[in-house]
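# Overview (structure and organization)
Residue-level listing of the chains:
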Amino acid sequence: MTAAPGPAFRPLVRAGDFVFVSGQAAVDEAGRLVPGTFEEQLRRSMENVRRVLAQAGLDLAHVVRTGCYVHDPADALEFNRLYREYFQPPLPARTTLTGCLTDEVRFEIDVVAYAGGGEG
């Protein structure tokens, strides 16, 4: 009997001028969760996004949309403060869900970046 395969995961998909980055949480290079405070997990997640975007020759300035997942709604104010450290006007379009994830995973983000010539 063979074991069922784990979930399929591609960190990056390019479709035309757009690059889609799958959800990035506070994990290390081996995919193991790195525990920490909300801020520590957010910063690790954002560094993971930067690393994946760099594989496509892009950076955070190319991001046109974010999907953000915050475990504890009490972290919303801190989230907004930290978010502005990574994204400047014109800010990407953003959807944020709170009260989701697990106690161990406090933050996750997925992004869409525009790699074309003009404004996205």
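The text that follows walks through the structure, step by step, so that each part is easy to find. (Residues numbered from 1 in each chain as written. Predicted model: local features only at pLDDT ≥ 70, side-chain atom pairs only at ≥ 80, totals over all residues. Heavy atoms only, no water.)

### Focus on the overall build of the chain
Formally: A run of DSSP states H or I qualifies as a helix once it reaches four residues; a run of E qualifies as a strand once it reaches two. Both are numbered from the N-terminal end. Here the globule rule is a power law, 2.2 Å times the number of residues to the power 0.38, and the radius of gyration is based on C-alpha atoms. A 1.4 Å probe rolled over the protein chains alone gives each residue an accessible area, and that area as a share of the maximum for its type sets the label: buried under 20%, exposed over 50%, partly exposed in between. We call two residues contacting when some pair of their heavy atoms lies within 4.5 Å. Methods summary: accessible areas were calculated by the Shrake-Rupley approach with a probe of 1.4 Å, and residue burial reflects only the protein chains presented. His residues and chain termini do not enter the charge count, which takes Lys and Arg as positive and Asp and Glu as negative. For this purpose, a charge sits on NZ of Lys, CZ of Arg, CG of Asp or CD of Glu.
If you tally the helices and strands in the chain, you get two helices and five strands. Each helix and strand of the chain, ordered N terminal to C terminal, gives the series β-β-α-β-α-β-β. Against the compact-globule benchmark of 14 Å for 120 residues, the chain has a radius of gyration of 15 Å, which places it among compact chains. Along the first, second and third principal axes, the C-alpha atoms of the chain reach 50 × 45 × 20 Å. The buried share among the 120 residues of the chain stands at 32%. Sequence-distant contacts in the chain: of pairs separated by 6 or more residues, those separated by 24 or more amount to 72%. For the chain, the accessible surface area stands at approximately 7,100 Å², while carbon and sulfur atoms represent 55% of it. Computed over 12 positive and 16 negative side-chain charges, the inter-centroid distance for the chain is 4 Å.

### Some thoughts on unusual backbone geometry
In this structure, Pro90 follows Pro89 across a cis peptide bond, with omega equal to -5°. Mapped onto the elements of the fold, Pro90 is located in the loop between α2 (76-86) and β4 (93-98).

### Concerning the packing of aromatic side chains
Worth spelling out the cut-off: The aromatic pairing rule takes the rings of Phe, Tyr and Trp, using the six-membered ring of Trp, and pairs them if the centres are within 6.5 Å, calling planes under 30 degrees apart stacked, those over 60 edge-to-face and the rest tilted.
Taken as a whole and assessed by the stated rule, the structure comprises five aromatic pairs. The interplanar angle of 55° and the centroid separation of 5.0 Å between the aromatic rings of Phe18 and Tyr114 together place this pair among those described as tilted. Of this pair, Phe18 sits in strand β2 (residues 18-24) while Tyr114 sits in strand β5 (residues 107-114), and the two are 96 residues apart along the sequence. For Phe18, a relative accessible area of 32% puts it in the partly exposed group. When its relative accessible area of 17% is taken as the criterion, Tyr114 is described as buried. When the centroid spacing of 4.8 Å and the interplanar angle of 40° are considered together, the rings of Tyr83 and Phe87 count as tilted. Look at Phe87 and you get buried, because its relative accessible area is 2%.

### Describing α2
Put simply, the test is: Here the arc refers to the directions that run from the helix axis out to each C-beta atom.
Turning to α2, its buried residues are Phe79, Leu82, Tyr83 and Tyr86. The arc that holds every buried residue of α2, seen down its axis, measures 110°, which confines them to one face. Residues Leu77 and Arg84 are exposed on α2 and point more than 90 degrees away from its buried face. Where α2 is buried, its residues contact α1 (38-55), β3 (63-70), β4 and β5.

Honestly, it's all geometry; don't read function into it.
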